[in-house]
Amino acid sequence: MNFSEVFKQSNQLCKVSPDGKYLATCVQYRLVVRDMSTLQILQLYTCLDQISHMDWSSDSLFILCAMYKRGLVQVWSLEQPDWHCKIDEGSIGLLSSRWSPDGRHILNTTEFHLRITVWSLCTKAVSYIKYPKACQKGIDFSRDGCYMALAERRDCKDYVSVFVCDDWHLLRHFETETQDLGGLEWSPNGCVLAVWDSCLEYKVLLYSLDGRLLSTYSAYEWSLGVKTVTWSPSSQFLAIGSYDEKVRVLNHITWKKITQFEHPATINNTKAVVYKEVERRPAVGADDLSLHNITIGTTLFNTQSKYEICPPPVQIPVVKPDPDRANPKIGVSTLAFSSDSRYLATKNGGFQVQSLNWHCSGDSLILLGKEQLCLCYMDTDQEDK
């Protein structure tokens with residue numbers, strides 16, 4: 001594994017385009033777009049203020065830059081560098097900004113979640129959606145981009161509204177059986193909407209597209225409950241990560257638990273394969289430090305790393321949360337299925353890692369940081385961790 005030279009960035013704003021051809025980084029108020037193959041700068045854009053958020057459109061043709069302090073959004077085009085769009089939310093403020101699935105509409109959430117403004121880049125039309133709820137995941141789009149599910153809070157009750165993304169008209173509106181809705185997520189096939197309660201109550205509800213309650217699942221009571229929910233790409237499994245450091249997997253037929261995974265601090269399974277990252281820096285001689293040998297793009301300070309297999313038992317470093325501090329890092333916070341739905345990678349809050357993602361082939365896991373990883377084979381007869 002080789003690493004390139006270090007590039008400047010601000011607020012960890014660095015994203016690869018959906019087509020994998022470009023790399024966008026933000027440095028204060030500047031947006032830098034590089035070619036992924038050569039890492040050469042293709043475009044350099046200047047925004048009106050420091051960039052707080054950056055996102056690619058689904059077709060990799062536009063880049064959104066949000067400046068929350070000033071309530072501004074600027075959109076840049078890769079095909080037409082001279083073209084740009086500016087959106088000013090005014091005194092109502094700006095809390096978050098994101099693309100719609102078609103890459104031609106921008107959804108801005110105002111401060112205090114007063115409303116969501118939908119801006120069209122093609123027709124310049126503006127639509128308003130009231131009563132959005134401030135929760136962990138209050139907006140989700142179906143995989144085909146046809147529908148948007150929105151969590152709402154009206155008269156101290158939770159509701160879900162389903163909108164058609166073509167013209168943003170309301171398709172369904174129904175009340176949910178939650179005390180304090182924590183999030184929602186579409187199944188990949190777009191047939192089922194998973195809704196879960198806040199961490200104060202363990203409750204997961206499954207709704208059909210027309211608002212019918214299909215099933216309700218609760219693992220326990222009187223303790224911190226659901227922390228994250230993720231569908232498998234095949235829509236056959238629903239994984240639930242909770243604060244008790246366990247992952248429960250439901251099936252799509254009866255919506256009952258078919259298996260459960262834990263996060264042990266010591267791995268004793270002889271079938272388990274544990275990889276440990278070992279970093280190595282090339283030796284530097286006196287001649288290599290001369291100024292005429294140091295050039296841009298040199299590999300002098302490149303760090304190489306490899307992964308060694310550790311024989312069991314393996315002790316995983318655990319960071320115990322401080323009970324006196326707010327929002328302790330406990331429980332399963334991240335779940336990621338492989339593309340073929342055979343494996344499930346989990347991140348437990350008591351360990352040190354920042355993010356994990358599967359490669360599109362489904363046979364490689366991309367890990368950022370150092371953490372315990374669980375590779376779970378989706379078969380109740382066998383299990384690999």
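This text gives an overview of the structure that appears in the document. (Residues numbered from 1 in each chain as written. Predicted model: local features only at pLDDT ≥ 70, side-chain atom pairs only at ≥ 80, totals over all residues. Heavy atoms only, no water.)

### A short note on the overall build of the protein chain
To be explicit about the condition: Elements are defined by DSSP. Helices are runs of H or I of four residues or more, strands are runs of E of two residues or more, and each kind is numbered from the N terminus. Burial classes follow relative accessibility: with a 1.4 Å probe on protein chains only, a residue under 20% of its type's maximum area counts as buried, one over 50% as exposed, and anything between as partly exposed. What makes two residues a contact is simply this: any of their non-hydrogen atoms within 4.5 Å. The Shrake-Rupley method, run with a 1.4 Å probe, gives the accessible areas here. Residue values count only the displayed protein chains as cover.
Counting its regular elements, the protein chain contains zero helices and 33 strands. In the protein chain, buried positions account for 43% of the 385 residues. Nonlocal contacts in the protein chain, meaning residues at least 24 apart in sequence, comprise 39% of its contacts between residues at least 6 apart. Taken as a whole, the protein chain presents about 21200 Å² of accessible surface, with 50% of it coming from carbon and sulfur.

### Some thoughts on the pattern of salt bridges
Pairing between side chains of opposite charge can happen when their charged atoms approach one another. The cut-off we apply is this: Salt bridge, as applied in this entry: a Lys or Arg side-chain nitrogen positioned within 4 Å of an Asp or Glu carboxyl oxygen.
Taken as a whole, this structure holds twelve salt bridges when the rule is applied. With its nearest N and O atoms 2.7 Å apart, the salt bridge here joins Asp158 to Arg153. Put simply, Lys246 and Glu262 hold a salt bridge, and the shortest N to O gap is 3.8 Å. Separated by 16 residues along the polypeptide, Lys246 in strand β23 (residues 246-251) and Glu262 in strand β24 (residues 257-262) bring together distant segments of the chain. Classification of Glu262 by relative accessible area gives partly exposed; the value is 40%. Through salt bridges with shared partners, one network takes in Lys133, Arg153, Asp158 and Asp180.

### Details of the nonpolar core
Basically, it comes down to this: Remark: nonpolar core denotes a set of buried residues (Ala, Val, Leu, Ile, Met, Phe, Trp, Tyr, Cys) joined through side-chain atoms within 4.5 Å.
Of all hydrophobic cores here, the largest spans 16 residues; its most connected members are Leu31, Val33, Ile51, Met54, Ile63 and Cys65. Breaking this core down by element, the ones donating at least two residues are β2 (22-27), β3 (30-35), β5 (53-56), β6 (62-67) and β7 (72-77). Among the elements that make up this core, the one with the highest residue count is β6 (three residues). When near neighbours in sequence (up to four residues on either side) are disregarded, Ile63 contacts Ala24, Leu31, Val33, Met54, Asp55, Trp56, Gln74, Val75, Trp76, Leu78 and Trp99.

### Focus on the pairing of strand β9 (residues 96-99)
Note the cut-off: Strand pairing is assigned whenever DSSP identifies at least 2 bridges connecting the two strands.
Of the two faces of β9, only the one carrying Ser97 and Trp99 is buried; Ser96 and Arg98 on the other face are not. The pairing of β9 with strand β10 (residues 105-109) spans four bridges and is antiparallel. Directly across from Ser96, in β10, lies its bridge partner Thr109. In sequence, β9 turns back onto β10 through a hairpin of five residues, with Gly103 there showing a positive phi of about 70°.

### Notes on the sheet that holds β2
Stated precisely, the cut-off is as follows: For helices, the fitted axis covers only the stretch in contact; all axes are lines through C-alpha atoms, and the angles between them, taken along N-to-C directions, range from 0 to 180 degrees.
A sheet is described by the order of its strands in space; here four strands give the open sequence β1-β2-β3-β4, paired in antiparallel fashion. Because the sheet does not close on itself, it has two edges, and the strands there are β1 (14-16) and β4 (41-46). Within the sheet, the average angular offset between the axes of one strand and its neighbour, ignoring direction, is 15°. Pairing of β1 with β2 involves three bridges; the strand directions are antiparallel. Following the sheet pairing, Lys15 is matched in β2 by Ala24.

### Focus: the side chain of Ser235
The topology assignment puts Ser235 in the loop between β21 (226-231) and β22 (237-242). Judged by its relative accessible area of 6%, Ser235 falls in the buried class. Ignoring any residue separated from it by four or fewer positions in sequence, one finds Ser235 in contact with Ser187, Pro188, Asn189 and His252.

### Points about unusual backbone geometry
Residue Pro313 is reached from Pro312 by a cis peptide bond, and omega for that bond is 0°. Among the secondary structure elements, Pro313 is positioned in the loop between β27 (304-310) and β28 (314-315). Phi is positive for Gln12, which is not a glycine, with a value near 55°. With respect to the secondary-structure elements, Gln12 resides in the segment before β1.

### Quick look at the packing of aromatic side chains
Applied cut-off: A pair of aromatic rings is counted whenever rings of Phe, Tyr or Trp (Trp by its six-membered ring) have centres within 6.5 Å, and the orientation is called stacked for planes under 30 degrees apart, edge-to-face for over 60 and tilted otherwise.
All chains considered together, the criterion is met by eight aromatic pairs. Between the aromatic rings of Phe174 and Tyr207, the centroid separation amounts to 5.1 Å while the plane-to-plane angle is 35°, which identifies the pairing as tilted. You can see Phe174 sitting in strand β16 (residues 170-175) and its partner Tyr207 sitting in strand β19 (residues 204-208), a full 33 residues away along the chain. As far as burial versus exposure is concerned, Phe174 and Tyr207 are alike and both buried. Counting every residue linked through ring pairs, the aromatic cluster contains Phe62, Trp83 and Trp99.

### Some points on a nonpolar patch on the surface
Applied cut-off: Only residues above 30% relative accessible area that lack a salt bridge enter a patch, with like-charged residues linked at up to 9 Å and the nonpolar side chains Val, Leu, Ile, Met, Phe, Trp and Tyr linked at up to 5 Å.
The grouping of Val273, Tyr275, Tyr307 and Ile309 at the surface amounts to a nonpolar patch, some 440 Å² of accessible area in total. Overall, the relative accessible area of 41% leaves Tyr307 in the partly exposed class.

### Thoughts on the sheet that holds β24
Read from one edge of the open sheet, four strands run β21-β22-β23-β24, paired in antiparallel fashion. Bordering the open sheet on either side are β21 and β24, each of which pairs with just one other strand. When the angles between neighbouring strand axes are averaged without regard to direction, this sheet yields 20°.

### Focus on the state of the cysteines
The condition that has to hold: Sulfur atoms of two cysteines make up a disulfide when they are within 2.5 Å.
Under the defined criterion, the tally for this structure stands at zero disulfides. For the unlinked cysteine Cys47, the closest cysteine sulfur is that of Cys65, found at 4.1 Å. Of the residues examined, Cys65 reaches a relative accessible area of 0% and is grouped as buried.

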